[in-house]
4 protein chains.
Amino acid sequence: MTPPTTPAPSSRRPGRPRSESTRREILAATWRLLEQQTVQSLTIEAIAKEAGVGKATIYRWWDSKALVVIDAFMEHHVMKTPMPRDVPPGEAIARHIASLVREYAGRSGRIVAQIIAEGQSDPVVLRELRERFQDGRRTVVREVLEEWQRRDDIPVPPNIEILSDLLYAPVYMRLLLGHAPLDKAFARQHVEYVWTLLGQTPPA
Amino acid sequence: MTPPTTPAPSSRRPGRPRSESTRREILAATWRLLEQQTVQSLTIEAIAKEAGVGKATIYRWWDSKALVVIDAFMEHHVMKTPMPRDVPPGEAIARHIASLVREYAGRSGRIVAQIIAEGQSDPVVLRELRERFQDGRRTVVREVLEEWQRRDDIPVPPNIEILSDLLYAPVYMRLLLGHAPLDKAFARQHVEYVWTLLGQTPPA
Amino acid sequence: MTPPTTPAPSSRRPGRPRSESTRREILAATWRLLEQQTVQSLTIEAIAKEAGVGKATIYRWWDSKALVVIDAFMEHHVMKTPMPRDVPPGEAIARHIASLVREYAGRSGRIVAQIIAEGQSDPVVLRELRERFQDGRRTVVREVLEEWQRRDDIPVPPNIEILSDLLYAPVYMRLLLGHAPLDKAFARQHVEYVWTLLGQTPPA
Amino acid sequence: MTPPTTPAPSSRRPGRPRSESTRREILAATWRLLEQQTVQSLTIEAIAKEAGVGKATIYRWWDSKALVVIDAFMEHHVMKTPMPRDVPPGEAIARHIASLVREYAGRSGRIVAQIIAEGQSDPVVLRELRERFQDGRRTVVREVLEEWQRRDDIPVPPNIEILSDLLYAPVYMRLLLGHAPLDKAFARQHVEYVWTLLGQTPPA
DNA sequence: AGTTAATCGAGACGGTACGTCTAGTCTTATT
DNA sequence: AATAAGACTAGACGTACCGTCTCGATTAACT
């Protein structure tokens, strides 16, 4: 199945073209339903009904419920946790972590967590989530970390992913395990501690 | 519903007592089926058939499929990742992380990941998993970290959970997101880097 | 699949026994729906809904929609066109044809016609209809015809089926083709003519 | 909807004229598919695909699947069971019945039976079938029977349809009910018996 | 030894959703 | 206009499980 985001690159295929309004309605309906239930309890049937759409139309463009949810999420997410680019790298990362925690503490966090959950039994979902949502972010983080190393000479491991994980993994762990709160206090303490270990003054 | 692990607390209830062999057969069947499929695709119906047991018998003792899986997992897990207690605390933690990575790289890891996944739409599951599988471990980790602080004066955050997460979260993140390998090289690099930040010599 | 009319011949099978009330409710619902629509437009889904029953329950006991309809028909039909046994054979046949025409001119006729229609693309249906509905009748007709031959010396073909068809086929042809009315006048004219050919006085 | 056999009666309508080759291709595709499946299981979708034609094109010219089938049947049938016109009327009828039985014993019989079946839930189909396929025949049969009466003084009922049904109904009954074979032996026995009743010598 | 009460297996039951299929309609660009 | 292509809403298909229920049969402790 062609990824639904890639329309028709060439001139034009024969037949009635895909309805853009239908696509939007499906994603909007999905998003509405996710206010009241989990991804697991969500059904294609319910999405179709809520969107006023035939089930086959959904199956035509998406391979699984989770992929619809990823699309719906991307449609409404539009990068609410950007990496600040006009501040020193250490502060950029700190602010980014804070905004990520803030975002993940709410509904978006629950939905990301449930998409990751779906991904545990469907590799396609996990891959799609990473490619569309996280890989770009990881690249930016890596660049900022390298800049930070150049500017402030922070100690960096041979494989910079190790540092990147160190910074972000606790956020995801609390999101998914819920063993401790995912809140502003956590973000501050985590940043303060790691910055101290890196020999930096934590941002105010 | 009474937790299935708590048999009969008082002297004795009237009527036919619960069959211990049936309980074991259900958990064994669950474990067998999990060799071939995911927790999500596993069904109570299939467990009942595989175990030669009525569905109602399963429902009588467990509230959900995931709770059966947790029990089956505990039955076969028997703490394969103990915290070494006869080595210096820094080395104990390092070895523990290595054994955890080793364990999670295989089937147990997949199953733990899938239980966490189930937990994203069922708080009971997540709580049960934490209480029976992780809380005890976290307590031990905390004790070892405090000993480490006393012995080697490592820098420790006010809330020691922050350090604990720093050490273990990358393992869970790789287990669940799969964005980077969960292998021996990762364990070594991660430990080496964090130990360096803590001003310690990483164990060989 | 076991014919649903044959319950459990032996002592008792394990498991919850089949619900007789459910069986009756399904057939009653089918009959109700057939007052408003054709067999072709009838759906298992609609039967299930009308009967307040799960679809699987219908599929468990019947192989196809048409077989449910046959059962529903038999349940309500209870042989409304019996062969009179206390009159001379010629008159018995004449009365039987008249009652058959009367019956087939109404709803029963439409349903029998539609079952035969279903049978054109499903041999099982046609066989079932013949075995449960027509074979018994044909046997009786044959006996009465043989008695008629003995008593009144009517001319009979070597294969008595030929005469039997001659008597009954026009009824079915009008039922199915509708090229001419299936009414009392037809029944009278048909009987009068055939009786004349057989050298008998037609009954008043 | 205009009957599809009536092309464009007037001089010329604006726009692209109906494609005759498309019409033929649809009917040919229908006929090909009917070699492998029943009318009931045949779908407009399959016909369109097999003919390389849009579904809408079929819907534009025919009101239902069964009407397409009737057209396809007429296209290939070309009256294979004509009434012989250069023999005595009794023999003409006898030969006609024999050829009808021969024809109906094969694939044509199955298709006619299935068209009649479709007609049980769609009066339009039944009417169309009669008008285009059987009414002409019935008229011819009636004429031959009347000639037979004049020539050989056979006993004829007031309404000659009664005799006509007597002759032909057993053929249709066996075609549709399948309770007894539709073969050469049947045709011979049936004709012999009826001819005897009519006081005629059966043809050799 | 007989009674009592909960357990067990089997499997039928009312439901719900699955993913597929076809109906019949519509929207394109092309002929 | 008519066409091929194919997307669209609608809804039935037959299957799979859900969690509940009714059976008869078992299994112990308590009369």
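The coordinates are above.
Rules used throughout
- Residues numbered from 1 in each chain as written.
- Chains lettered and ligands numbered in written order.
- Predicted model: local features only at pLDDT ≥ 70, side-chain atom pairs only at ≥ 80, totals over all residues.
- Heavy atoms only, no water.
- Helix = DSSP H or I, 4+ residues; strand = E, 2+ residues; numbered from the N terminus.
- Buried < 20%, exposed > 50% of the residue type's maximum accessible area, 1.4 Å probe, protein only.
- Contact = heavy atoms within 4.5 Å.
- Areas by Shrake-Rupley, 256 points an atom, 1.4 Å probe, with all protein chains shown as cover.
- Lys, Arg positive; Asp, Glu negative; His and termini not counted.
- Charge placed at Lys NZ, Arg CZ, Asp CG, Glu CD.
- Axes fitted to C-alpha atoms, helices over the stretch in contact; angles between N-to-C directions.
- Parallel < 35°, antiparallel > 145°, perpendicular 65-115°, else oblique.
- Nonpolar A, V, L, I, M, F, W, Y, C, P; charged D, E, K, R; others polar.
- Least-squares fit on C-alpha atoms with pLDDT ≥ 70 in both.
- Phe/Tyr/Trp six-rings, centres within 6.5 Å; stacked < 30°, edge-to-face > 60°.
- Buried area = accessible area lost by both parts, 1.4 Å probe.
- Salt bridge = Lys/Arg side-chain N within 4 Å of Asp/Glu carboxyl O.
- Polar contact = N/O pair within 3.5 Å; in protein donor to acceptor, adjacent residues only side chain to side chain.
- Near = heavy atom within 4 Å.

Describing the overall build of chain A
Reasoning step 1: From N to C terminus, chain A includes nine helices and zero strands.
Reasoning step 2: Shown N-terminal to C-terminal, the secondary structure of chain A runs as helices and strands in the order α-α-α-α-α-α-α-α-α.
Reasoning step 3: Viewed in the frame of its principal axes, chain A has a C-alpha envelope of about 60 × 40 × 30 Å.
Reasoning step 4: For chain A, with 204 residues in total, the buried portion stands at 50%.
Reasoning step 5: Sequence separation of at least 24 residues holds for 64% of the intrachain contacts in chain A that already meet a minimum separation of 6.
Reasoning step 6: Total accessible area computed for chain A in this model is approximately 9,800 Å², and 51% of it derives from carbon and sulfur atoms.
Reasoning step 7: Each charge sign in chain A was given a centre, from 28 positive and 25 negative side chains, and these centres are 6 Å apart.

Describing the packing of helix α5 (residues 89-104) of chain A against helix α8 (residues 160-177) of chain A
Residue and element names in this part refer to chain A.
Reasoning step 1: Two elements in contact, α5 and α8, have axes whose closest approach is 11 Å; the angle formed by their N-to-C orientations is 10°. Overall, the two elements α5 and α8 adopt an arrangement that is roughly parallel. In contact with I93, H96, I97, L100, V101 and Y104 of α5, α8 contributes L167, Y168, V171, Y172 and L175.
Reasoning step 2: Across the contact of α5 with α8, the residue classes break down as ten nonpolar, one polar and no charged.

Some points on the relation of the copies chain A and chain B
Reasoning step 1: With an RMSD of 0.1 Å, the fit of chain A onto chain B corresponds to turning through 180° and sliding 0.0 Å along the axis. Those values place the two copies in the arrangement expected of a two-fold rotation axis. Of the C-alpha atoms belonging to chain A, the one lying closest to the rotation axis is found on A117 of chain A, 2.0 Å away.
Reasoning step 2: Taken together, the interface assignments show that 100% of the residues at the interface of chain A recur at the interface of chain B, consistent with an identical surface on both copies.

Things to note about the packing of aromatic side chains
Reasoning step 1: Throughout the structure, instances matching the rule amount to 16 aromatic pairs over all chains.
Reasoning step 2: Their ring planes at 40° and their centres at 5.0 Å tell us that W148 of chain A and W195 of chain A sit as a pair that is tilted. Here W195 of chain A lies in helix α9 (residues 184-197) and W148 of chain A lies in helix α7 (residues 123-152), a separation of 47 residues in the sequence. Side by side, W148 of chain A and W195 of chain A carry an identical accessibility label, which is buried.
Reasoning step 3: Judged by centre distance (6.2 Å) and plane angle (50°), the rings of W31 of chain B and F73 of chain B are tilted.

Description of the relation of the copies chain C and chain D
Reasoning step 1: Between chain C and chain D, the superposition needs a rotation of 180° and an axial shift of 0.0 Å, giving an RMSD of 0.2 Å.
Reasoning step 2: The fraction of interface residues of chain C whose copies in chain D are also interface residues reaches 100%, indicating that both copies meet through the same surface.

Quick look at the arrangement of the chains
Reasoning step 1: Separated without contact, chain A and chain D have their nearest C-alpha atoms at a distance of 10 Å.
Reasoning step 2: You won't find any contact between chain B and chain D; their C-alpha atoms come no closer than 34 Å.

Considerations on the interface of chain C and chain D
Reasoning step 1: With 41 residues of chain C at the contact, the number on the chain D side is 41 residues.
Reasoning step 2: Regarding the contact of chain C and chain D, the summed buried area is about 3,700 Å², with carbon and sulfur atoms giving 65% of it.
Reasoning step 3: On the chain C side of the contact with chain D, Q120, L177 and Y193 of chain C bury the most area, a combined 20% of that side's loss.
Reasoning step 4: Taken together, the connections running from chain C to chain D amount to two salt bridges.
Reasoning step 5: In this structure, the salt-bridge partner of D165 of chain C is R174 of chain D, at a minimum N-O distance of 2.9 Å.
Reasoning step 6: Counting the contacts that link chain C with chain D gives 16 residue pairs in polar contact (both at pLDDT 80 or more).
Reasoning step 7: Those elements that place two or more of their residues in the side of chain C that touches chain D are α6 (107-119), α7 (123-152), α8 (160-177) and α9 (184-197) of chain C.
Reasoning step 8: Sorting elements by how many residues they give to the side of chain C that touches chain D places α8 of chain C first, with 14 residues.

Concerning the protein's contact with DNA strand E
Reasoning step 1: Residues in contact with DNA strand E amount to 42 residues; listed here are only the nearest, K55 and Y59 of chain A, V53 of chain B, W61 of chain C together with K55 of chain D.
Reasoning step 2: At the protein interface, 65% of the atoms of DNA strand E within 4 Å belong to sugar or phosphate.
Reasoning step 3: The contact in question runs from a base oxygen of DNA strand E to an N or O atom on the side chain of R16 of chain A, over 3.0 Å.
Reasoning step 4: Separating a phosphate oxygen of DNA strand E from a backbone N or O atom of I44 of chain A is a distance of 3.0 Å.
Reasoning step 5: When residues of the surface near DNA strand E are assigned to their parent elements, the largest contribution, five residues, is made by helix α3 (residues 55-61) of chain C.

Overview of unusual backbone geometry
For residues other than glycine, phi is negative in most cases, and the peptide bonds are mostly trans.
Reasoning step 1: In this structure, D153 of chain A is a non-glycine residue whose phi angle is positive, near 55°.
Reasoning step 2: Tracing the sequence through the fold places D153 of chain A in the loop between α7 and α8.

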